[in-house]
Amino acid sequence: MASPQTVLVPDACITPDTADDPVYLPSGCSNNLNLQHMAARKQDLMQGREMGPAMAAPVARAAQNYIDGVAPEDRRQRRRVDDYSQPTQ
C-alpha cells in the first residue's frame, strides 16, 4: 500500500471557476503553478527564509561614478595611456 503524498497546489488553482463554460483553468492558475515549479526550495513557498545582505555596493558605486562623471577603472587607465602617448604642444 502506497503512503499518502502531500501535493502543494496554488490557491488560484483551487478557486472555483465562475465562468459560464468552465473549460479552462481558473485565472492565474497556470502562472502560479509555473512559478511554483521554478522555486529552488519548495518549503520556501510555505514559509520564506531570512534574507541575506543586499548586494548593493557595486550598484551604488556605479551610480555614484555616473553621477560624479567618473569613468570606470579600465576606462580611466586607457585615458591615462592616451594622455601620455599624445605629444605636448
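Criteria and thresholds
- Residues numbered from 1 in each chain as written.
- Predicted model: local features only at pLDDT ≥ 70, side-chain atom pairs only at ≥ 80, totals over all residues.
- Heavy atoms only, no water.
- Helix = DSSP H or I, 4+ residues; strand = E, 2+ residues; numbered from the N terminus.
- Buried < 20%, exposed > 50% of the residue type's maximum accessible area, 1.4 Å probe, protein only.
- Areas by Shrake-Rupley, 256 points an atom, 1.4 Å probe, with all protein chains shown as cover.
- Disulfide = S-S within 2.5 Å.
- Salt bridge = Lys/Arg side-chain N within 4 Å of Asp/Glu carboxyl O.
- 1 Å grid on protein atoms, 1.4 Å probe; cavity = no way out; pocket = protein on both sides within 12 Å on 5 of 7 lines; lining within 4 Å.
- Points joined across faces, edges and corners; volume = space filled by probe spheres on them.
- Nonpolar A, V, L, I, M, F, W, Y, C, P; charged D, E, K, R; others polar.
- pLDDT = per-residue confidence, 0-100.
- Expected span 1.5 Å × (residues − 1).
- Contact = heavy atoms within 4.5 Å.

Participant: What is the right way to look at the overall build of the chain in this model?
Facilitator: Looking only at helices and strands, the chain features four helices and zero strands. Starting at the N terminus, the α and β elements of the chain follow one another as α-α-α-α. The 89 residues of the chain split such that 7% are buried. Total accessible area on the chain is roughly 8600 Å²; 55% of this is exposed by carbon and sulfur atoms.

Participant: Just to check I follow, could you spell out the state of the cysteines for this structure?
Facilitator: Simply put, disulfide is the name for a covalent bond between the sulfur atoms of two cysteines. Here the structure, examined in full by the defined rule, presents one disulfide. Here Cys13 connects covalently by a disulfide to Cys29, the sulfurs 1.9 Å from one another. When the S-S torsion is 100°, as for the bridge of Cys13 with Cys29, the disulfide is right-handed. On the criterion of sequence distance, the pair formed by Cys13 in helix H1 (residues 11-14) and Cys29 in helix H2 (residues 29-38) is long-range, its members being 16 residues apart. Given the relative accessible area of 3%, Cys29 is considered buried.

Participant: What's the story with the pattern of salt bridges in this structure? I'm lost.
Facilitator: If charged atoms from side chains of opposite charge come close, those side chains can pair. For the coordinates displayed, the defined rule picks out two salt bridges. Arg49 is the salt-bridge partner of Asp44, the closest N and O atoms lying 2.9 Å from each other.

Participant: Can you walk me through the layout of surface pockets in this structure?
Facilitator: Summary: where empty space remains is shown by rolling a probe the size of a single water molecule over the atoms. Space inside the largest pocket adds up to approximately 150 Å³. Forming the walls of the largest pocket are Leu8, Val9, Pro10, Asp11, Asn32, Gln36, Leu45 and Met46. Across the lining of the largest pocket, the residue classes tally to five nonpolar, two polar and one charged.

Participant: Please clarify how the confidence of the model for the chain should be interpreted in this entry.
Facilitator: Should pLDDT be low for a region, the predicted coordinates there are not to be read in detail. Considering every residue of the chain, the mean pLDDT works out to 78; 74% of them sit at 70 or more. Of all the helices and strands in the chain, helix H4 (residues 73-85) carries the lowest mean pLDDT, 59, while H2 carries the highest, 90.

Participant: Help me understand helix H3 (residues 57-68), please; the structure alone is not making it clear to me.
Facilitator: For an α-helix, the turn length of 3.6 residues means that residues three or four places apart are oriented alike. For H3, built from 12 residues, the straight-helix expectation of 16 Å at 1.5 Å per residue is met to within 8% by its first-to-last C-alpha distance of 16 Å. Once H3 ends, the next one or two residues include Gly69, with phi positive near 75°.

Participant: I would appreciate a short explanation of the side chain of Gln36 in the present structure.
Facilitator: As for its position among the elements, Gln36 is in helix H2. Here Gln36 falls in the buried class, since its relative accessible area comes to 11%. In contact with Gln36, other than residues within four places in its own chain, are Leu8, Val9, Pro10, Lys42 and Leu45.

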